[in-house]
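One-letter residues, chain by chain:
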Amino acid sequence: MNTLLTNVREQQPLVLNIANFVTMQHVADAINVVGASPLMTNEPQEAAELVSVSSAVVLNIGTLSEAQWPLFLAVGQAANQQNKPVILDPVAVGMPYRAQFVRRLLEKVHVDIIRGNASEIAWFAQAEVAGRGIDTLDQETHQQEAELAAKNTGAVIVQTGVVDVITNGTKTQTVHTNSPLLTINVGAGDMLSGLIGAFSSVTDDYFAAGVAATELFGEAGERASAQVNQLPGHFIGALFNELYTMTQVEVVTR
Ligand SMILES: Nc1ncnc2c1ncn2[C@@H]1O[C@H](COP(=O)(O)OP(=O)(O)O)[C@@H](O)[C@H]1O
Ligand SMILES: Cc1ncsc1CCOP(=O)(O)O
Ligand SMILES: [Mg+2]
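Residues numbered from 1 in each chain as written. Chains lettered and ligands numbered in written order. Predicted model: local features only at pLDDT ≥ 70, side-chain atom pairs only at ≥ 80, totals over all residues. Heavy atoms only, no water.

As annotated in an unreviewed UniProt entry, the chain is Hydroxyethylthiazole kinase from Weissella fermenti. In its Function (unreviewed entry) section, UniProt records this for the chain: "Catalyzes the phosphorylation of the hydroxyl group of 4-methyl-5-beta-hydroxyethylthiazole (THZ)." (UniProt positions renumbered as here; feature names shortened; annotations may be inferred.)

Right under this line is the structure:
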C-alpha cells in the first residue's frame, strides 16, 4: 500500500481550493474519492478562517479575474502565515495577463509546489515550449526546463506530459504511465493538482507528495482507460472508481 495514500485516507485532510469554474466539480470529486475533503471558496474575507481548518491550499488560475486578485492574495498569504502548503496550477500562464498576475502573486505568496504541463512550466524557466491555451503542443519531455523552473521558484515542480517530471531542482524523478484519455479529459491536470494538495497535507516532503500523487493519478488513468476501451465518454466515472478503490501503485518511476 502506498503509505502517503494510506495517510490521506486515514487523516482525510481538508484541501482548500481556489478553483476554476470549468472543472471545479471534478476537482472536488477527485479530492473526495481519494479520501480527502475538498472546500472551494470565492470570498477573501473568509481566507484566514478557512485556511485554519485546511491542511493545504490549491490556487488554480484557470478562470482568474482581476476581481479575484484579493482572493488569491488573501488565501495564499494566510496559508504562508499558517504554514500550510500552497500548490499553484498555472493554467495557460504563457498568456500575458496571466503571466503578470502570477508574477505579482509570486512576489507576495510563497508557493511550495507548481503543477503544470510542459509549456506552463517552461514559463517559470523563462523558456518556450509550444502550447495553445490550456494545452501543451509539444510531446517531448522537458526535464531541464522543469529543473530550472524549480531553481527559479524554490518550488517543487510537477511537470506533466507523456512522461511526468517531478523535481526540486537537484533531485528529479520521472513517472512513466500511459493514459492518453487523461490528456483529452479537460480538468485532468486540475484534478492532479488537487490530489497533490491532499498528499502534501500528510507529509512535509513535498517532493515525495508530488511523486506519489502523480503515480496514483497516472496509474488510475491507465486502469480507467482500459476499462472504457480508450473512449472518453465514461472515462471520468472509471477514473473516480479507480481513485476510490486503488491500494497498490505499480508504475515505473525512475
Ligand atoms: N501525451 C500524454 N500521454 C499520456 N498521458 C499524458 C499526456 N500528457 C499528459 N498526460 C497525463 O495527463 C494528466 C494531465 O496532464 P496535462 O494534460 O499535462 O495537464 P493539463 O491538463 O494541466 O494540461 C497527467 O496525469 C499526465 O501524466
Ligand atoms: C478549459 C479551461 N479554461 C480555463 S480553465 C480550463 C480547464 C483546464 O483544465 P486542465 O488544465 O486540467 O486541462
Ligand atoms: Mg492545466
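Right, picking up where we left off after that structure.
Whenever I open this one, the pattern of salt bridges confuses me. Can you help?
When the charged atoms of two side chains lie near each other, side chains of opposite charge can form a pair. Taken as a whole and judged by the stated rule, the model has five salt bridges. For E242, the salt bridge is made with R223, and the minimal N-O distance between the two is 3.6 Å. You can see E242 sitting in helix α11 (residues 235-245) and its partner R223 sitting in helix α10 (residues 206-227), a full 19 residues away along the chain. Using a relative accessible area of 28% as the deciding quantity, one classes R223 as partly exposed. One salt bridge connects R223 with E250, and the closest N-O pair in it is separated by 3.9 Å. (Salt bridge = Lys/Arg side-chain N within 4 Å of Asp/Glu carboxyl O. Helix = DSSP H or I, 4+ residues; strand = E, 2+ residues; numbered from the N terminus. Buried < 20%, exposed > 50% of the residue type's maximum accessible area, 1.4 Å probe, protein only.)

Explanation requested: the nonpolar core in the structure shown.
Soluble, globular proteins show a tendency: their nonpolar side chains are buried together. Of all hydrophobic cores here, the largest spans 47 residues; its most connected members are M191, F199, F217, L239 and L243. Within the residue set of this core, elements represented by two or more residues are α1 (3-11), α2 (24-34), β3 (56-60), β8 (156-160), α8 (180-184), α9 (188-199), α10 and α11. In terms of residue count, the dominant contributor to this core is α10 (ten residues). Each residue touching F217, except ones within four places of it in the same chain, is listed here: L182, A188, M191, L192, L195, L239 and L243. In terms of nonpolar packing, the next biggest core, distinct from the first, is built from 38 residues, L64, A79, A99 and F124 among them. (Core = buried A, V, L, I, M, F, W, Y, C linked by side-chain atoms within 4.5 Å. Contact = heavy atoms within 4.5 Å.)

Can you help me understand the side chain of R115 in this one?
Inspection of the secondary structure puts R115 in strand β5 (residues 113-117). In this structure R115 comes out as buried when scored by relative accessible area, which is 5%. At 2.9 Å, the side chain of R115 forms a polar contact with the side chain of T160. Reaching out from R115, the side chain makes a polar contact with the side chain of S193 at a distance of 3.0 Å. The contact partners of R115, leaving out residues within four places of it in the chain, are L88, D89, P90, I121, V158, T160, G189, D190, L192, S193 and I196. (Polar contact = N/O pair within 3.5 Å; in protein donor to acceptor, adjacent residues only side chain to side chain.)

Just checking my understanding: could you explain the UniProt feature "binding site: ATP" (unreviewed entry) in the chain for this structure?
Taking the numbering used here, the UniProt-annotated feature "binding site: ATP" (unreviewed entry) corresponds to R115 and T160. On the basis of their most widely separated C-alpha atoms, the annotated residues across 46 residues gather in one place, lying no more than 7.4 Å apart. Locating T160 in the fold gives a position in strand β8. T160 sits in the buried class, given a relative accessible area of 17%. Non-local contacts of T160, meaning those with residues more than four positions away in its chain, are made with R115, G116, N117, A118 and L192.

Before we go on, may I ask you to explain α9 in this structure?
One turn of an α-helix holds 3.6 residues; hence residues three or four places apart share an orientation. Between the first and last C-alpha of α9 there are 17 Å, a value that for twelve residues agrees with the 16 Å anticipated at 1.5 Å per step. With eleven of twelve residues buried, α9 is to be regarded as a mostly interior element. Every buried residue of α9 is listed here: A188, D190, M191, L192, S193, G194, L195, I196, G197, A198 and F199. (Expected span 1.5 Å × (residues − 1).)

Any chance you could explain the sheet that holds β5 here in plain terms?
For sheets, the rule is that strands pair by backbone hydrogen bonds, running either parallel or antiparallel. Taken in spatial order, the nine strands line up as β2-β1-β3-β4-β5-β8-β9-β10-β11 in an open sheet, and their pairing is mixed. Edge positions in the open sheet fall to β2 (37-40) and β11 (252-253), since each of these has one partner strand only. Relative to strand β4 (residues 86-89), β3 runs parallel, the two sharing four bridges. Within the sheet, the bridge partner assigned to V57 lies in β4 and is V86. Sheet strands touched by α2: β1 (14-18) and β2. Its angle to β2, the strand with the most contacts, is close to 155°. (Pairing = 2+ DSSP bridges. Axes fitted to C-alpha atoms, helices over the stretch in contact; angles between N-to-C directions.)

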